[in-house]
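Fold and geometry: a report
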Amino acid sequence: AHAAYLLRLLPRLQSTAAAGERTARHTIDVQFESGRRAWAWSIEHGQVDALKRSSATLLEHFDYRGRFEEGLAFLRTAIESQPVQADAKLRSLLLARISHLEYRLNRFAEAESTARQALEATRRNRDSATRRQALNVVATCALQLGRLDDARRYFKQALDSESLEDQAHRTAVTLDHL
């Protein structure tokens, strides 16, 4: 019951935690070990919707706290599991999130490879948010590796794939890299 509660709580905290709200971040910090057990329980019991819903908050948490290695280990526990392998959309989402953390660790070739796997999967499942995240990782890796034309092309693809509702925010984030 507590695992289900935490997996419902994490998505609700995502927007406030991403905005830097201290109470939300503190709640995630305090509940983190329980959240780890809830994540493992979700993997074991094939709760793919809970994994999808909570992964954004977890990525934000690891990113904000600079706990990139821990985040990689956390997300990788799910990526090879049978429930995730059976859900192409979730697998591509987790690959994109993993690529982001690999990028943050300056593992550019690895991050680009992982992001390209996510991109390939999004061609089949048409998940535009995952596609944007993967394109941004490929673009930022190309930028870091001095492939400026490639970076520009991938950033443009990321911008072109924006929905109207989140275009302004994501455009600012993407343009920040140029």
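Residues numbered from 1 in each chain as written. Predicted model: local features only at pLDDT ≥ 70, side-chain atom pairs only at ≥ 80, totals over all residues. Heavy atoms only, no water.

**Description of the pattern of salt bridges**
What the rule picks out here adds up to 14 salt bridges. A salt bridge links lysine 52 to aspartate 87; its shortest N-O distance comes to 3.2 Å. Here the residue lysine 52 occupies a position in helix H4 (residues 48-65), and aspartate 87 occupies one in the loop between helix H6 (82-85) and helix H7 (88-104), the gap between them amounting to 35 residues. Its relative accessible area of 16% is what places aspartate 87 among the buried residues. A salt bridge links arginine 116 to glutamate 112; its shortest N-O distance comes to 2.9 Å. In this pair, arginine 116 and glutamate 112 both sit in helix H8 (residues 108-125), 4 residues apart, roughly one turn of the helix. Given a relative accessible area of 8%, glutamate 112 falls into the buried group. Residues joined by salt bridges that share partners form a network here, namely Glu112, Arg116, Arg147, Asp150 and Arg153. (Salt bridge = Lys/Arg side-chain N within 4 Å of Asp/Glu carboxyl O. Helix = DSSP H or I, 4+ residues; strand = E, 2+ residues; numbered from the N terminus. Buried < 20%, exposed > 50% of the residue type's maximum accessible area, 1.4 Å probe, protein only.)

**Things to note about the side chain of threonine 122**
In this structure, threonine 122 sits in helix H8. Once you skip the residues sitting within four places of it in the chain, threonine 122 turns out to touch Ser92, Asp127, Thr130 and Arg131. (Contact = heavy atoms within 4.5 Å.)

**Considering the environment of alanine 24**
Within the secondary structure, alanine 24 sits in helix H2 (residues 22-30). The spacing of alanine 24 and arginine 12 is 12 residues in sequence and 9.3 Å in space, taken between C-alpha atoms.

**Structural notes on unusual backbone geometry**
You will see that asparagine 106, though not glycine, has its phi angle at about 65°, which is positive. Within the secondary structure layout, asparagine 106 lies in the loop between H7 and H8. The class for asparagine 106 is exposed, based on a relative accessible area of 56%.

**Points about helix H9 (residues 128-144)**
Between its first and last C-alpha atoms H9 spans 24 Å; for 17 residues at 1.5 Å apiece the expected length is 24 Å, and the two agree. Regarding H9, the residues found buried are Thr130, Arg132, Gln133, Ala134, Leu135, Asn136, Val137, Val138, Ala139, Thr140, Cys141 and Ala142. Between a side-chain oxygen at the N-terminus of H9 and the backbone nitrogen of alanine 129 the separation is 3.3 Å; the capping residue is aspartate 127. Positive phi shows up at glycine 146, right after H9, with a value of about 80°. (Expected span 1.5 Å × (residues − 1). Polar contact = N/O pair within 3.5 Å; in protein donor to acceptor, adjacent residues only side chain to side chain.)

**Regarding the packing of aromatic side chains**
Applying the stated criterion to the full structure yields 3 aromatic pairs. Put simply, the rings of Trp39, Phe62 and Phe74 touch in pairs and so form one group of aromatic residues. In this structure, arginine 153 is placed above the aromatic ring of tyrosine 154, and the distance from its NZ or CZ to the ring centre is 4.8 Å. (Phe/Tyr/Trp six-rings, centres within 6.5 Å; stacked < 30°, edge-to-face > 60°. Lys NZ or Arg CZ within 6 Å of the ring centre and 35° of its normal.)

**Examining the environment of alanine 109**
Within the secondary structure, alanine 109 sits in helix H8. The exposed category is assigned to alanine 109, whose relative accessible area is 59%. In the structure, alanine 109 is positioned 29 residues away from valine 138 in sequence and 9.3 Å away in space, judged by C-alpha atoms.

**Structural notes on the packing of helix H3 (residues 32-44) against H4**
The geometry of H3 relative to H4 is characterised by a closest axis approach of 11 Å and an angle of 145° between their N-to-C directions. As H3 packs across H4, the resulting crossing turns out to be left-handed. Two secondary-structure elements touch here, H3 through Phe32, Trp39, Ser42 and Ile43 and H4 through Ala50, Leu51, Ser54, Ser55, Leu58, His61 and Phe62. Tallied by class, the residues present in the contact of H3 with H4 amount to 7 nonpolar, 4 polar and no charged. (Axes fitted to C-alpha atoms, helices over the stretch in contact; angles between N-to-C directions. Left-handed = near helix turned anticlockwise from the far one by under 90°. Nonpolar A, V, L, I, M, F, W, Y, C, P; charged D, E, K, R; others polar.)

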